[in-house]
Amino acid sequence: MADTMQFDLVSPERRLASLEVAQVQIPGADGDMTAMPDHAPTITTLRPGVLSVSGPAGSEDYVVTGGFAEIGGGNTTVLAECAYAKADMTQDILDQLIAEAKSAHEAASAQALDDAAKLVADMVAMGEQIGLSAS
Amino acid sequence: MPSLKDLKNRISSVKSTRKITKAMQMVAAAKLRRAQEAAEASRPYTERFNAVLGGLAAAAGGSDNAPKLLSGTGSDQVHLLVVMTAERGLCGGFNTNISKLTRTKAAELMAAGKTVKILTVGKKGRDAIKRDLGDHFVGHVDLTEVKRVGYENARDIAADVLSRFDAGEFDVATIFYSKFVNVVSQIPTAQQIIPASFEDEGAGEATLYDYEPSEDAILADLLPRGVATQIFAALLENAASEQGARMSAMDNATRNAGDMIDKLTIEFNRSRQAVITNELIEIISGAEAL
């Protein structure tokens, strides 16, 4: 069994990471999940949260706001709609994301209201997790 | 016969025109490189995305309760044409070609008795088709202030299109943009985005995935993103095409200006020579008359 697998984090605008990792912790829509080499093939959607990878080269954290992850035997690909390295995440960006989520919540129709509220809550929780406060 | 002064003015004016077109060409070349890099950077995302979505769609496509974005509304009466062009001119046939394709398609659809609605992205295309198809406009997206198209722009356009779709305003959506092949060749393209169409490529790629939450939920989540992704890819192709078209147009213009300067300079020298000869003849014949 391989100790590491190929991990790619891509957003529409660029490829953020492409490295060999031992495990990836993914903020899945239904809860966090950790993928390790030879994980069963899975596709999951993401909620806003922190994605952390650890491998021979150390561990790294990324902030993702949504999208999906494709886990195959030998590789894991995360397609994030919007992703930042944790170090690049600032209060300003978080505020903007939360503001966007809130305005989406206000504009949401009755049936999508719960989803939109969850999105706002996820954003706030994500901010707390990385040590930024939601205004 | 223009006077020497006229010619001189003319030459200096063409020279400054050449300077401008040369500068524009170089700016376009720099921007083209950036646009190509952006298009390149988005490719991994788009490819993976389409592969996954294609696999999901193939699995769910047959069922009756497939999302409307995938299966369509069951009719194809109302067509929405999303026409994406540049915000600026002076880029050769770029805007004209997209507008021409749109006009042809719109005429075809109308001849078949369909209703056509048009959403324009980019000022130039809007101006170009306003005269023929102005009655069909339902909206316009202004990107004048946007220096570099980002995913947010695509998402906003997609949100606009999707809300219209949810409101039942149209059945089929097609985007018009220009595919970048190389600097001298950009192909105006029409691509249907709603209902989503995928080429059957995943025959060999039959990995069985676990889906979390459920297959349907993921599909419902991904399809709207798919629209945004396709629009984003088209916007990037368009940006690269625009700069490519502008670059070759300005290259031509610079060369033409150079040719024109050469021609005018020869004319200028000839008429100067003619003036000198004339003066000489006058002096000599004056001297002989004495």
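Given the structure is predicted, the values throughout are model-derived calculations rather than measurements. (Residues numbered from 1 in each chain as written. Chains lettered and ligands numbered in written order. Predicted model: local features only at pLDDT ≥ 70, side-chain atom pairs only at ≥ 80, totals over all residues.)

**Some words on the interface of chain B and chain A**
Contacts between the two partners involve 22 residues from chain B, matched on the other side by 21 residues from chain A. Elements that contribute at least two residues to the side of chain B that touches chain A include exactly α1 (4–61), β6 (210–212) and α6 (215–289) of chain B. For the side of chain B that touches chain A, the element with the highest residue contribution is α1(B), accounting for 7 residues. When grouped by side-chain class, the residues that make up the side of chain B that touches chain A number 13 nonpolar, 4 polar and 5 charged. Taken together, the 3 bridges between strand β5 (residues 42–46) of chain A and β6(B) define a ladder with parallel strand orientation. Along β6(B), the bridge assignment pairs Ile43(A) with Tyr211(B). (Contact = placed C-beta atoms within 7 Å. Helix = DSSP H or I, 4+ residues; strand = E, 2+ residues; numbered from the N terminus. Nonpolar A, V, L, I, M, F, W, Y, C, P; charged D, E, K, R; others polar. Pairing = 2+ DSSP bridges.)

**Observations concerning the pairing of strand β5 (residues 185–194) of chain B**
Residue and element names in this part refer to chain B. Relative to β5, strand β4 (residues 172–182) runs antiparallel, the two being bridged by 9 bridges. Bridge pairing links Thr174 to Gln192 in β5. Counting the residues between successive antiparallel strands, the hairpin from β4 to β5 contains 2 residues.

**Notes on the domain arrangement of chain A**
When cut into domains, chain A gives domain 1 (5–86) and domain 2 (90–129). Listed by partner, the interface residues are 7 residues for domain 1 of chain A and 7 residues for domain 2 of chain A. (Domains from an automatic or database assignment.)

**Some details on the environment of Lys105(B)**
Examined against the element boundaries, Lys105(B) turns out to sit in helix α3 (residues 94–111). The spatial distance from the C-alpha of Lys105(B) to the C-alpha of Lys147(B) is 30 Å, given a sequence separation of 42 residues.

**Observations regarding unusual backbone geometry**
In most cases, non-glycine residues show a negative phi, while peptide bonds are predominantly trans. With omega at -10°, the peptide bond leading from Ile194(B) into Pro195(B) counts as cis. With a phi angle near 65°, Asp38(A) is a residue other than glycine that sits in the positive phi range. By the element assignment, Asp38(A) lies in the loop between β4 (31–35) and β5.

**Regarding the sheet that holds β4(B)**
Residues and elements named next belong to chain B. The 5 strands lie next to each other as β3-β2-β1-β4-β5, forming an open sheet whose pairing is mixed. Edge positions in the sheet fall to β3 (137–141) and β5, since each has one partner strand and no second. In this sheet, neighbouring strand axes are inclined to one another by 25° on average, regardless of whether the strands run parallel or antiparallel. Running over the sheet, α3 touches β1 (78–84), β2 (115–121), β4 and β5 and is turned about 150° from β4. On top of the sheet, helix α5 (residues 151–166) reaches β1, β2, β3, β4 and β5; it is set at about 160° to β3, its chief contact. (Axes fitted to C-alpha atoms, helices over the stretch in contact; angles between N-to-C directions.)

**What about the nonpolar core?**
One broad rule of soluble globular proteins: the nonpolar side chains tend to lie buried together. Within the largest apolar cluster, 97 residues are counted, with the highest numbers of intra-cluster contacts made by Val82(B), Val83(B), Met84(B) and Ile231(B). Each of two domains, domain 1 (5–86) and domain 2 (90–129) of chain A, supplies a minimum of three residues to this core. Setting aside its immediate chain neighbours within four residues, Val83(B) contacts Ile98(B), Thr102(B), Ile118(B), Thr120(B), Val121(B), Gly125(B), Ile129(B) and Phe176(B). (Core = buried A, V, L, I, M, F, W, Y, C linked by C-beta atoms within 7 Å. Buried ≥ 20, exposed ≤ 12 C-beta atoms within 10 Å, placed from the backbone.)

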